[in-house]
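Chain by chain, the residues:
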Amino acid sequence: MTKILIKGNIAIAESAVIAGCRYYFGYPITPQNEIPMYLSGRLPEAGGVFVQAESELAAINMVFGAAATGARVMTTTSSPGYSLMQEGISYIAAAELPCVLANIMRGGPGLGNIAPAQADYFQAVKGGGHGDYRLIVLAPQSVQETADLTMEAFNLADRYRNPVLLLLDGLLALMSEPVELPKPDRIEKYPKEWALTGAKGRSRNVIRTLWLNPDDRVTKHNCHLLEKYDRIRNELIKYETYKTEDADLIIVAYGTSARVSRTGIDLARQAGIKAGLIRPVTLWPFPEKVIRDAAGPGKKFLSVEMSMGQLVEDVRLAVNGKSEVHHFGIGGGWVPTEVEVFEKIKELV
Amino acid sequence: MAIVFKKPRSMTDTHMHYCPGCGHGVAHRLVAEVIDELNVREETIAVAPVGCAVLAYDYWDFDVTESAHGRAPAVATGIKRVFPDKVVFTYQGDGDLISIGGNELLHCANRGENITVVFINNTVYGMTGGQMAPTTLPGQKTTTTPLGRDPATEGHPIRVCELLSSIPGVKYLERVSLDKTANIIKARKALMKAFQAQLDKKGFSLVEMLTPCPTNWGMNAHESLKFISNDVIKYFPTGVIKDEL
Ligand SMILES: Cc1ncc(C[n+]2csc(CCOP(=O)(O)OP(=O)(O)O)c2C)c(N)n1
């Protein structure tokens, strides 16, 4: 077991290569630039292709094209660039093309800043582009988990024929930690008989998102997609709990916020306050049930997030009025400290 | 009895949805004939546009993907980078190619992607109801230029071939017209050259076809062909614009 010291960005890039990704299309934007910079050298060395696209709009459509051939493909970006990709992501989801995306979140709205944030939560889990579609959204909290989830992202994309989004705040992407990279034997292979490879020895394949015929309607396609999304909901929800059994106050947080909150909870426990943590690893599908089951009279929930209050809305939906739900956080570069989280817990309990 | 004319292998039997007199049907067939003649049907992956030709995948009997409005050159780039030995082409209208998709076209050409673009210039947005396109002629009436296109405020029509001709990665550019049989034969030859260039790995090629849109021009089929011969060709001269093969 050899560990190497790398940043979250590099963990995504190298794990993608290990996962068999040979195609990358992207456009520079801070704080994810290390990914394209790394892959511009690494992919050709591995027999793959790196293209610096003219925009994120072009990049996501290049991903569409490469994914349509059945190849493992990835693009990465940061908040403003992710906004520009939304049209393409809607098409990719509609066409059910597997691919991996990463959004290394920075401050917004607008150009915002380049500091870490978690303010693209709505965009990630509620759609972002037009129409009824879902992405599988994975939220690591460490560089190790980033590496592992990158490998898993490619497997899930192929398994469900669905785009998978890695959602990280900029801090996690730029932080270095010792990592054991995933092994290539974790690659899962799925048949891709739908892929465009040239109609040799088979009838033609068509990839489309337009359904005009009365007997072939979008309503039908949407029902097909919903069936898949329900299957994902049943099979995939991932989360971690920490000291929730006897907790009077449960924090719900992901990524860096979750990691800091855990230490804040330890401080609270030392002060005799029963606090706990639910950390969603899949933001979509959202671990609604574990939150709902933990809710009840006298218990309080606190969403700690580096945004003005987005995750908190899903916590409220899950709790469904059974407990008080509070929000703690600011978007645009604020990162919680364990002491701040502890103070907030004290204030609420 | 010898068969002298039949449906190309690369076409399906599906009835086309195009209006009477539309140029898309002829252009589709020319592409299919050329794919057959080069014997590359099983190696071909086409990228359909958003526009009247969005349903091209119903009519061609080879692998086809749809793409978002204007993004076909980026989608084609993604395909070609995975399969450098397959035949990859986009088929795009003027709005798709040079209005909403101008940036994707320009940079695809500038990278010298070894793909072929079949560009259908009918001077209007056919699908959405005959609005002004980047190629609408000066003075031409459309549903969004009711008094005729005024270059002072709406700009001049964009000559795509001329615009692209200075780019080193672009190897073959020809403008053809589907107004007369003789010109349709020339169009077929131009497509042959462009696709052969791709097979020879020369780089980016584009064939622009001037095609009629009787419905949105408010003309009958015959008048619309005359409009191309008398007016459209004046602004968009036919011929080889660039040949570095
Ligand atoms: C993002 C986006 N904007 C607008 C449209 C609406 N739209 C569909 S086709 C089209 C214009 C097509 O015109 P052209 O490319 O010239 O092709 P034609 O229909 O004339 O063959 C437009 C504006 C769309 N589908 N997507």
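Figured I'd write up the structure that's included with this text.

**Digging into the pattern of salt bridges**
Residue and element names in this part refer to chain A.
- Overall, the coordinates contain 44 salt bridges over all chains when judged by the stated rule.
- Taking the shortest distance from any N to any O, the salt bridge between Asp158 and Arg72 comes out at 2.9 Å. On the criterion of sequence distance, the pair formed by Asp158 in helix H7 (residues 143–160) and Arg72 in the loop between helix H3 (56–68) and strand E4 (73–78) is long-range, its members being 86 residues apart. Arg72 shares its class with Asp158; the two are buried.
- Salt-bridge contacts for Glu152 lead to Lys238; the nearest nitrogen and oxygen are separated by 2.4 Å. One end of the pair, Glu152, is in helix H7; the other, Lys238, is in the loop between helix H9 (218–236) and strand E10 (239–242), and 86 residues separate them in sequence.
- Since its relative accessible area comes to 17%, Glu152 is described here as buried.

**Observations regarding the site of the ligand**
- In the region of the ligand, 17 residues are neighbours, and His24, Cys52, Asp94, Asp96 and Gly126 of chain B sit closest.
- Per-site note: the chains with residues close to the ligand are chains A and B.
- Protein chains shield 76% of the accessible area of the ligand, which is 590 Å² for the free molecule.
- For the shell around the ligand, the secondary-structure elements that each account for two or more residues are helix H4 (94–100) and strand E5 (124–125) of chain B.
- With four residues, the single largest contributor to the shell around the ligand is H4 of chain B.
- Among the residues forming the shell around the ligand, the class breakdown is six nonpolar, eight polar and three charged.

**Observations regarding the interface of chain A and chain B**
- Each side of the interface is counted separately: chain A has 33 residues, and chain B has 35 residues.
- When chain A packs against chain B, the two sides together hide about 2,700 Å² of surface, and 57% of this comes from carbon and sulfur.
- Ionic pairing is found between Asp61 of chain B and Arg204 of chain A, a salt bridge with its closest N-O pair at 3.8 Å.
- The interface formed by chain A and chain B contains 15 residue pairs in polar contact (both at pLDDT 80 or more).
- Elements represented by at least two residues in the side of chain A that touches chain B include exactly strand E2 (23–26), strand E3 (49–52), H3, helix H5 (86–95) and strand E9 (206–207) of chain A.
- Per-element tally for the side of chain A that touches chain B: the top contributor is H3 of chain A, with seven residues.
- Its residues assigned to classes, the side of chain A that touches chain B shows 18 nonpolar, nine polar and six charged.
- Summarising the sheet, E9 of chain A and strand E2 (residues 63–65) of chain B pair through two bridges and their orientation is parallel. Bridge assignment links Ile207 of chain A to a residue of E2 of chain B, and that residue is Thr65 of chain B.

**Description of the environment of Asp63 of chain B**
- Mapped onto the elements of the fold, Asp63 of chain B is located in strand E2.
- A relative accessible area of 0% means that Asp63 of chain B is categorised as buried.
- In the structure, Asp63 of chain B is positioned 148 residues away from Thr211 of chain B in sequence and 25 Å away in space, judged by C-alpha atoms.
- What Asp63 of chain B contacts, discounting residues up to four positions off in sequence, is Ala195, Leu196, Thr197, Gly198, Ala199, Arg202, Arg204 and Asn205 of chain A together with Thr44, Ile45 and Ala46 of chain B.
- A polar side-chain atom of Asp63 of chain B sits 2.6 Å from a polar atom in the side chain of Arg202 of chain A.

**Here we look at the packing of aromatic side chains**
- As enumerated under the stated definition, the model contains 13 aromatic pairs over all chains in all.
- Each ring, one from Tyr24 of chain A and one from Phe50 of chain A, has its centre 5.7 Å from the other, and the planes form 5°; the classification is stacked. Separated by 26 residues along the polypeptide, Tyr24 of chain A in strand E2 and Phe50 of chain A in strand E3 bring together distant segments of the chain.
- Residue classification places Tyr24 of chain A among the buried residues on the basis of a relative accessible area of 0%.
- Ring geometry for Trp217 of chain B versus Phe227 of chain B: centroids 4.9 Å apart, planes at 70°, classification edge-to-face. Of the two residues, Trp217 of chain B is situated in helix H9 (residues 214–217) and Phe227 of chain B in helix H10 (residues 221–235); the sequence distance between them amounts to 10 residues. One exposure class covers both Trp217 of chain B and Phe227 of chain B, and it is buried.

Conventions and cut-offs
Within any chain, residue numbers begin from 1 and follow the written order of that chain's sequence. Think of it this way: whatever chain is written first is A, whatever ligand is written first is 1, and the rest follow in order. Whole-chain, interface and lining totals are the exception, using all residues; otherwise, since this is a predicted model, local features are given only for residues with pLDDT of at least 70 and side-chain atom pairs are given and counted only at 80 or more. Hydrogens and water are ignored here; the side-chain numbers use all heavy atoms of the structure. Each reported salt bridge corresponds to a side-chain nitrogen of Lys or Arg within 4 Å of a carboxyl oxygen of Asp or Glu. By the criteria applied, helices consist of DSSP H or I runs no shorter than four residues and strands consist of E runs no shorter than two, each listed in order from the N terminus. Here the term buried applies to any residue with accessible area under 20% of the maximum for its type, exposed to any over 50%, and partly exposed to those in between, with areas from a 1.4 Å probe on protein chains only. Working definition: residue near molecule or strand if any one of its non-hydrogen atoms lies within 4 Å of it. Surface accessibility follows the Shrake-Rupley procedure with a 1.4 Å probe radius. Residue values consider only the protein chains on display as shielding. Classes in brief: Ala, Val, Leu, Ile, Met, Phe, Trp, Tyr, Cys and Pro nonpolar; Asp, Glu, Lys and Arg charged; the others, Gly included, polar. Note on definitions: a residue-residue contact is assigned when non-hydrogen atoms from the two residues lie within 4.5 Å. Note on definitions: buried area is the accessible-area loss of two parts on being combined, 1.4 Å probe, summed for both. For this analysis, a polar contact is any N or O atom pair within 3.5 Å, provided that within protein one partner can donate a hydrogen and the other can accept it, and provided that sequence-adjacent residues contribute only side-chain to side-chain pairs. Strand pairing is defined by DSSP finding a minimum of two bridges between the two strands. Centre distance within 6.5 Å is the pairing criterion for rings of Phe, Tyr and Trp, where only the six-membered ring of Trp is used; planes under 30 degrees apart are then read as stacked, over 60 as edge-to-face, and the remainder as tilted.

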